[in-house]
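Each chain is listed here by its residues.
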Amino acid sequence: MADSEGYRNPTEVQMSQVVLPCHTNQRAELSVGQLLKWIDTTACLSAERHAGCPCVTASMDDIYFEHTISVGQVVNIKAKVNRAFNSSMEVGIQVVSEDLCSEKQWSVCKALATFVAHRELSKVKLKQTTPRTEEEKTEHSVAAERRRLRLVYADTIKDLLANCAIQDDLESRDCSDMVPAEKTRVESVELVLPPHANHQGNTFGGQIMAWMENVATIAASRLCRAHPTLKAIEMFHFRGPSQVGDRLVLQAIVNNAFKNSMEVGVCVEAYRQEAETHRRHINSAFMTFVVLDANDQPQMLPWIRPQPGDGERRYREASARKKMRLDRKYIVSCKQAEMPLSVPWDPSNQVYLSYNNVSSLKMLVAKDNWVLSSEINQVCLYILEDEQYLSFHMEMLVHVDTTQAFLLLSDLRRRPEWDKHYRSVELVHQVDEDDAIYHVISPALGGDAKPQDFVILASRRKPCDNGDPYVIALRSVTLPTHRETPEYRRGETLCSGFCFWRMGDQLTKVSYYNQATPGFLNYVTTNVAGLSSEFYNTFKACEQFLLDNRNDLAPSLQTL
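The text that follows walks through the structure, step by step, so that each part is easy to find.

Thresholds applied
Position numbers for residues count from 1 along each chain, tracking the sequence in the order it is written. Per-residue local features of the predicted model are confined to residues with pLDDT of at least 70, and side-chain atom pairs are confined, for both listing and counting, to 80 or more; whole-chain, interface and lining totals are unaffected and use all residues. By convention in this description, side-chain values take in all heavy atoms of the structure and omit both hydrogens and water. In this text, buried Ala, Val, Leu, Ile, Met, Phe, Trp, Tyr and Cys residues form a nonpolar core when linked through side-chain atoms within 4.5 Å. For every residue, the accessible area obtained with a 1.4 Å probe (protein chains only) is divided by the maximum for its type, and the residue is called buried under 20%, exposed over 50%, and partly exposed between those limits. Secondary structure follows DSSP: runs of H or I at least 4 residues long count as helices, runs of E at least 2 residues long count as strands, and numbering of each begins at the N terminus. Each domain's extent is set by a domain assignment, obtained either automatically or from a database. The contact criterion used is simple: two residues touch if any of their non-hydrogen atoms lie within 4.5 Å. Fitted lines through C-alpha atoms give the axes, limited to the stretch in contact for helices. The angle between two N-to-C directions lies from 0 to 180 degrees. Roughly parallel here means an angle under 35 degrees, roughly antiparallel means over 145, roughly perpendicular means 65 to 115, and every remaining angle is called oblique. The sense of a crossing depends on the near helix, which, turned anticlockwise from the far helix by less than a right angle, makes the crossing left-handed and, turned clockwise, makes it right-handed. Under the grouping applied here, Gly and all other residues not named as nonpolar or charged are polar, the nonpolar ones being Ala, Val, Leu, Ile, Met, Phe, Trp, Tyr, Cys and Pro and the charged ones Asp, Glu, Lys and Arg. DSSP calls a pair of strands paired once it identifies at least 2 bridges connecting them. One fewer than the residue count of a helix, multiplied by 1.5 Å, yields its expected span. Each Phe, Tyr or Trp ring, with Trp reduced to its six-membered ring, pairs with another whose centre is within 6.5 Å; inter-plane angles below 30 degrees give stacked pairs, above 60 give edge-to-face pairs, and intermediate values give tilted ones. Geometrically, a lysine NZ or arginine CZ counts as sitting over a ring once it is within 6 Å of the ring centre and also within 35 degrees of the ring normal. Throughout, bend refers to the angle between the axes fitted to the seven residues that end at a position and the seven residues that start at it. Salt bridge, as used here: a side-chain nitrogen of Lys or Arg that lies within 4 Å of a carboxyl oxygen of Asp or Glu.

What follows is about the nonpolar core. Within soluble globular proteins, side chains that are nonpolar tend to cluster in buried spots. Met 89, Ile 93, Met 262 and Val 264 are the most contacted members of the largest nonpolar core, which totals 73 residues. Ranked by residue count, the leading element in this core is helix α4 (residues 205-224), at ten residues. Counting contributing residues per domain, this core is built from domain 1 (11-164) and domain 2 (174-195 + 212-336), each supplying no fewer than three. Not counting residues up to four positions away in its chain, the partners in contact with Met 89 are Ala 47, His 50, Ala 51, Cys 55, Val 81, Arg 83, Ala 84, Ala 113, Thr 114, Phe 115, Ala 117 and Leu 126. Core analysis: the second largest hydrophobic core is formed by 37 residues, Tyr 422, Val 440, Tyr 470 and Phe 500 among them.

So, in structure tokens, the structure goes:
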């Protein structure tokens with residue numbers, strides 16, 4: 001039934017709006033502020049449909065606007081709850097524009113918002129969503145990893161800004177056209193009235209975002225002396241609530257101008273009465289604007305001159321955030337087929353590489369078209385042919401504690417004890433508690449005379465909720481300290497790893513996944529007959545390793 005033609009997610013909400021002149025900006029295009037209000041309303045209705053009670057916007061992930069919407073066109077917004085946690089939900093939003101005359105449609109943006117269920121008299125414990133389609137299972141699984149990314153986002157940005165080496169392309173700027181940053185500063189106050197709030201009196205998150213977009217656009221216009229286009233909004237969190245009667249003070253300033261884009265910082269504070277001296281910080285956000293010419297190509301921008309002190313700090317941090325945005329967009333947002341097999345690792349993109357590593361494996365696990373190829377002594381081999389990839393999935397039940405199996409296989413240095421394809425493993429860098437980088441040497445594959453070596457990022461995750469597996473995800477990265485050498489043929493792994501499900505006391509379902517790279521495919525096509533047997537022998541050796549060591553966990557594993 002999950003794939004039947006009539007199935008519709010019970011939390012799905014759709015909104016369609018005709019863009020009228022009152023919704024547009026100076027270019028007769030839909031104002032992004034108005035779009036943000038519609039997005040927030042649609043997402044909130046989806047969250048409330050699942051929660052059965054009022055909900056408030058807690059955060060919004062990065063939004064990249066791919067297409068503008070003209071007056072007379074239709075905006076179609078679809079929102080559904082991807083996953084519910086204790087009292088919060090991740091809501092996925094898709095925005096498509098439609099030209100009624102030509103029947104053409106364009107993707108405008110995709111967004112992910114977090115909503116919190118709110119009751120005044122009782123604590124909310126949300127029911128879990130039940131994913132049915134492959135897409136829903138994928139979003140449900142990856143939502144846990146995205147939540148982890150949000151929870152560490154502020155600390156991650158703070159650490160990266162402190163450690164990131166910033167390089168400014170000042171030589172490409174026109175220094176004769178400098179604009180003082182203070183000239184772009186904007187301050188505006190808004191009184192929150194009942195139409196701006198929900199039935200509990202809390203200000204709509206979308207309304208605050210629309211006011212923020214308004215002051216940011218004014219600040220950007222003061223720099224470029226033209227009508228700028230908003231291209232991206234960086235992930236932000238609402239730090240506190242706002243209610244009817246609040247006065248919201250919105251401040252915006254251009255932090256830095258690059259060759260073809262500029263970053264505008266916006267801060268929102270609230271107070272109740274004019275006599276109040278303390279203002280509550282509602283949220284802050286960073287928005288990226290460009291100026292488009294008649295051919296929709298970005299124009300060069302004047303160089304901005306920051307004020308000493310805080311202005312120079314914002315200027316430097318904007319340069320660092322630009323690099324992080326590009327890393328995050330490239331690693332987190334792009335399709336797997338668009339990524340190279342090995343991505344350069346450095347501290348500034350570690351969080352996003354770890355996210356991509358785990359989420360890629362979870363997406364592979366969630367696919368529903370695996371085909372059983374063989375079953376030998378309750379060890380199952382499944383194969384999946386998907387576009388240019390051929391993937392393998394081994395599965396068995398092992399009489400060992402799930403946490404113990406997870407810890408034993410987390411340390412790749414012990415893998416040569418059971419896997420003959422791993423001749424030696426060196427721990428290169430212990431990134432943090434959950435991530436490590438290893439240098440692996442493997443025997444020659446097929447008729448190749450040289451042994452292979454790999455540089456592998458291993459990311460491990462404990463379950464986010466009951467029913468979730470323990471995860472060990474593996475993918476290739478590149479390190480300047482471990483470049484390719486003539487001694488070895490550099491191999492690459494695109495996506496592989498283990499998942500462990502607790503099936504009972506001292507009983508674990510162990511699953512291994514591997515998305516084969518083109519080099520391995522050549523080996524597979526010439527070894528089809530012996531493939532199942534080789535996989536089976538390796539996996540049985542893994543089972544014996546777990547059984548032999550189930551009572552002998554090395555202390556170092558517990559601190560990995």
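Let's pick the thread back up.
Let us now look at the environment of Val 254. Along the chain, the position of Val 254 falls in strand β11 (residues 247-257). Assessed through its relative accessible area of 1%, Val 254 is described here as buried. Along the chain, Val 254 and Ala 318 lie 64 residues apart, while their C-alpha atoms are 9.5 Å from each other. If sequence neighbours within four positions are ignored, Val 254 has contacts with Ala 181, Thr 184, Ala 219, Ala 220, Leu 223, Met 262, Glu 263, Val 264 and Ile 304.

With that out of the way, let us pick up the packing of helix α2 (residues 134-151) against helix α6 (residues 350-366). For the pair α2 and α6, the least separation of the axes is 9 Å and the interaxial angle reads 160°. It follows from the interaxial angle that α2 and α6 lie roughly antiparallel. For the pair α2 and α6, the sense of crossing is right-handed. The segment α2 lies against α6, with Glu 134, Lys 137, Thr 138, Ser 141, Val 142, Ala 144, Glu 145, Arg 146 and Leu 149 engaging Val 351, Tyr 352, Ser 354, Tyr 355, Val 358, Ser 359, Lys 362, Met 363 and Ala 366. Classifying every residue of the contact of α2 with α6 by side-chain character gives nine nonpolar, four polar and five charged.

The subject of this paragraph is the side chain of Asp 61. Counting through the fold element by element, Asp 61 comes out in the loop between β2 (55-60) and β3 (63-64). Judged by relative accessible area, Asp 61 falls into the buried class, the value being 10%. Discounting chain neighbours no more than four positions away, the residues touching Asp 61 are Leu 112, Arg 150, Ile 233 and Met 235.

As a further point, take the sheet that holds strand β12 (residues 262-271). With antiparallel pairing, the six strands of this open sheet are ordered in space as β3-β9-β13-β12-β11-β8. Edge strands, defined here as strands with exactly one partner in the open sheet, are β3 and β8 (186-191). As defined by bridge partners, β11 adjoins β12 across ten bridges and the pair is classed as antiparallel. Note on β12: the bridge partner recorded for Arg 247 is Tyr 271. Relative to the sheet, α4 contacts β8, β9 (229-233), β11, β12 and β13 (280-290), its axis offset from that of β11 by approximately 40°.

All right, on to α4 then. Taking 1.5 Å per residue as the helical rise, α4 with its 20 residues ought to reach 28 Å, and the 28 Å between its terminal C-alpha atoms agrees with that figure. Most of α4 is tucked away: 17 of the 20 residues are buried. Two residues or fewer after α4 comes Arg 225, characterised by a positive phi angle close to 55°.

Next up on the list: the packing of aromatic side chains. Per the stated rule, a full pass over the model turns up eight aromatic pairs. Geometrically, the ring pair formed by Trp 418 and Phe 498 is edge-to-face, given 6.2 Å between the ring centres and 70° between the ring planes. Taken together, the residues span a long stretch of sequence, with Trp 418 in the loop between α7 (402-410) and β19 (424-430) and Phe 498 in strand β24 (residues 495-504) at a distance of 80 residues. For the pair Trp 418 and Phe 498, one class covers both residues: buried. Each member of the aromatic cluster is reached from another via a ring pair, and the members are Phe 406, Trp 418, Tyr 470, Phe 498, Phe 500 and Tyr 512. One cation-aromatic arrangement involves Arg 147 over Phe 85; the distance from NZ or CZ to the ring centre is 4.6 Å.

The end-to-end C-alpha distance of α2, which contains 18 residues, comes to 26 Å, matching closely the 26 Å that a straight helix rising 1.5 Å per residue would cover. Taking the largest bend as the criterion, α2 deviates by roughly 30°, centred on Ala 143. Restricting attention to buried positions, one finds in α2 the residues Glu 136, Thr 138, His 140, Val 142, Ala 143, Ala 144, Glu 145, Arg 146, Leu 149 and Arg 150.

Pairing of side chains with opposite charge becomes possible as their charged atoms draw close. In the structure shown here, the tally under the stated rule is 26 salt bridges. The partner of Glu 29 in a salt bridge is Arg 27, with the nearest N and O atoms 3.1 Å apart. Between Asp 419 and Arg 415 there is a salt bridge, with the nearest N and O atoms lying 3.0 Å from each other. Overlapping salt bridges, with partners in common, bring together Asp 61, Glu 90, Glu 139, Arg 146 and Arg 150 in one network.

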